[in-house]
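Fold and geometry: a report
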Amino acid sequence: MLIVKKFGGTSVGDKERIFHVARRCVEEYRKGNDVIIVLSAMGKTTDELIAKAMEITPNPPRRELDMLLTTGEQVSVALMAMAIDSMGVPVVSLNAFQVSMHTTRVYGNARIKRIDTDRIMHELEIRRIVIVTGFQGVNKYDNYTTLGRGGSDTTAVALAAALHADACEIYTDVDGVYTADPRVVPTARKLKEITYDEMLDLATLGAGVLHNRSVEMAKKYGVQLVVRSSLNDNEGTIVKEETSVERMLISGVALDRNTARISVIGLKDQPGIAFKLFNLLAKENINVDVILQSIGRENSKDISFTVARSEADEAVEILTQNKNRVGAASISCNKSVAKVSIVGAGMMSNPGVAAKMFEALYNENVNINMISTSEIRVTVLIDEKDAERAMNAVHGAFGLEE
Ligand code: ADP
Ligand code: ASP
Ligand code: MG
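For clarity, every value in this text was computed on a predicted model and none was experimentally measured.

On to the overall build of the protein chain. Secondary structure summary: the protein chain contains 13 helices and 20 strands in total. Computed over its C-alpha atoms, the radius of gyration of the protein chain comes to 23 Å, within 12% of the 21 Å expected for a compact globule of 402 residues. C-alpha atoms of the protein chain, sized along the principal axes, occupy 75 × 50 × 35 Å. A sequence separation of at least 24 residues applies to 75% of the contacts in the protein chain between residues at least 6 apart. Accessible surface for the protein chain amounts to roughly 18,800 Å². Of this, 48% is attributable to carbon and sulfur atoms. For the protein chain, the centre of its 47 positive side-chain charges and the centre of its 52 negative side-chain charges are spaced 3 Å apart.

Bringing the packing of aromatic side chains into the picture now. Counted by the stated rule, this structure contains three aromatic pairs. With 5.2 Å between their ring centres and 75° between their planes, Phe 278 and Phe 305 make a pair best called edge-to-face. Here the residue Phe 278 occupies a position in helix H9 (residues 273–283), and Phe 305 occupies one in strand E16 (residues 300–307), the gap between them amounting to 27 residues. Using a relative accessible area of 18% as the deciding quantity, one classes Phe 278 as buried. One Lys or Arg, Arg 127, reaches over the ring of Tyr 29 and ends 4.1 Å from the middle of that ring.

Our focus in this paragraph is the site of ligand 1. Around ligand 1, the surrounding shell holds 17 residues, and the nearest of these are Thr 172, Asp 173, Tyr 178, Asp 181 and Arg 183. In this structure, Tyr 178 approaches ligand 1 through a main-chain N or O atom, which is 2.9 Å from a nitrogen atom. For ligand 1, whose accessible area on its own is 570 Å², the fraction buried by protein is 84%. Each residue belonging to the shell around ligand 1 can be placed in one class, and the counts come to eight nonpolar, five polar and four charged.

Quick look at the nonpolar core now. One finds Ile 36, Ile 120, Leu 159, Cys 168 and Met 199 to be the most contacted residues of the largest nonpolar core, which totals 48 residues. Of the residues forming this core, the biggest block, six residues, is contributed by helix H6 (residues 152–162). The contact partners of Met 199, leaving out residues within four places of it in the chain, are Val 177, Ile 194, Val 209, Leu 210, Val 215 and Val 239.

So, on to the pairing of strand E19 (residues 370–374). Each regular strand shows side chains that alternate between the opposite faces of the sheet. Here E19 runs beside strand E20 (residues 377–383); their pairing, made up of five bridges, is antiparallel. Its bridge partner lying in E20, Ser 374 is registered against Arg 377. The hairpin formed by E19 and E20 contains two residues between the paired strands.

Attention now moves to the layout of surface pockets. Gaps between atoms show up when a probe of the same size as a water molecule is rolled over them. Each pocket or cavity is described by its volume, and for the second largest pocket that value is around 340 Å³. Around the second largest pocket, the lining is made up of 17 residues, and of these Ile 112, Lys 113, Met 217, Lys 220 and Tyr 221 lie nearest the centre. Where the lining of the second largest pocket is concerned, the elements lending two or more residues are strand E5 (112–115), H6 and helix H8 (212–221). Sorting elements by how many residues they give to the lining of the second largest pocket places H8 first, with five residues. When its residues are assigned to classes, the lining of the second largest pocket shows nine nonpolar, two polar and six charged.

Cut-off values and rules
Residues numbered from 1 in each chain as written. Chains lettered and ligands numbered in written order. Predicted model: local features only at pLDDT ≥ 70, side-chain atom pairs only at ≥ 80, totals over all residues. Heavy atoms only, no water. Helix = DSSP H or I, 4+ residues; strand = E, 2+ residues; numbered from the N terminus. Rg over C-alpha atoms; globule rule 2.2 N^0.38 Å. Contact = heavy atoms within 4.5 Å. Areas by Shrake-Rupley, 256 points an atom, 1.4 Å probe, with all protein chains shown as cover. Lys, Arg positive; Asp, Glu negative; His and termini not counted. Charge placed at Lys NZ, Arg CZ, Asp CG, Glu CD. Phe/Tyr/Trp six-rings, centres within 6.5 Å; stacked < 30°, edge-to-face > 60°. Buried < 20%, exposed > 50% of the residue type's maximum accessible area, 1.4 Å probe, protein only. Lys NZ or Arg CZ within 6 Å of the ring centre and 35° of its normal. Near = heavy atom within 4 Å. Polar contact = N/O pair within 3.5 Å; in protein donor to acceptor, adjacent residues only side chain to side chain. Nonpolar A, V, L, I, M, F, W, Y, C, P; charged D, E, K, R; others polar. Core = buried A, V, L, I, M, F, W, Y, C linked by side-chain atoms within 4.5 Å. Pairing = 2+ DSSP bridges. 1 Å grid on protein atoms, 1.4 Å probe; cavity = no way out; pocket = protein on both sides within 12 Å on 5 of 7 lines; lining within 4 Å. Points joined across faces, edges and corners; volume = space filled by probe spheres on them.

Next up, the structure:
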């Protein structure tokens, strides 16, 4: 069997954890399996590296930021290789260059395009354990790129797909995928199984347990995933096309704090304004999420929308520079907001779902700033200080508890 095993930052956070993972992988290898290990940077390394960059400049060139961030994963793969080597097992660590992990150009949020499998196949043939850096790739200019925060999951799935692996296991610091982040909602229930579509929605709406692109890719190439703890042997959650479990009304509640609300006030009420506004942001690769347009005073309108918190300053700067072009009176930004979403295919045929969510928030006296819905999800934007209370209230209202 060819098995891809991915371990997140906490799972390789210190020497003891590194040896624990090493032992687990060696055990798998000694059963006769081919083992590929994908690792994230140790502990909070990526955050620390970003903080270091910010000490130098608040606006580092994106290429250089990726150059810096990719070092985190290189440290963990080398240390893991040393640990496995010390156990007398043949092993090699490879970074994205050595593998040839080709991505798109975009720094900080690149997509994997193609993986050369020759080197890895050769290493497996000579019976080495292969350890690969997660989160990083190489673009057509031979520069390092990163895949977006949490992107090591995507590296693992991409390798599993490219090498037709028999299993792709994502080891993390919780026992699997829960109905909500168990650190925020203590009564959250672990799911035995979840479909790609439901997991994709949860991940996209903030459930950081899996990188959303990894789920997208798993669905596309039919890679069945297991999410489980690196710290115990508990059964994890299987992510796959169809589940045998009866579908619940909603499958989970997600919280996304990585958001900011930008309000553009006093725009001219005429055709083309929204286009001009959002085109400015699109040209700079800034993704806009929930959008709300409201009627202002005397032939004016206001548009509010959300962007990733990390991109808020840049968005405000672009809009301020173009204030006259779009004819805005003022621009404001609030970074103390959060999005709470409910997700579930069962919603489609049940009209009362959104109202039930709003009632739960009302009972907790949580004010809703913005609402956005689709057939299978409802998202509300609220003050960040209300986030945990809101999550627990909504989770309880839908009877998702253990
Ligand atoms: P890793 O470093 O292993 O990739 P992450 O921090 O990226 O770990 O993801 C695991 C974390 O995801 C958990 O510690 C948990 O707090 C969070 N999380 C958010 N939503 C969920 C959910 N629905 N189920 C499980 N964990 C979740
Ligand atoms: N180290 C990267 C991050 O912290 C990638 C990952 O953990 O998956 O985002
Ligand atoms: Mg992660």
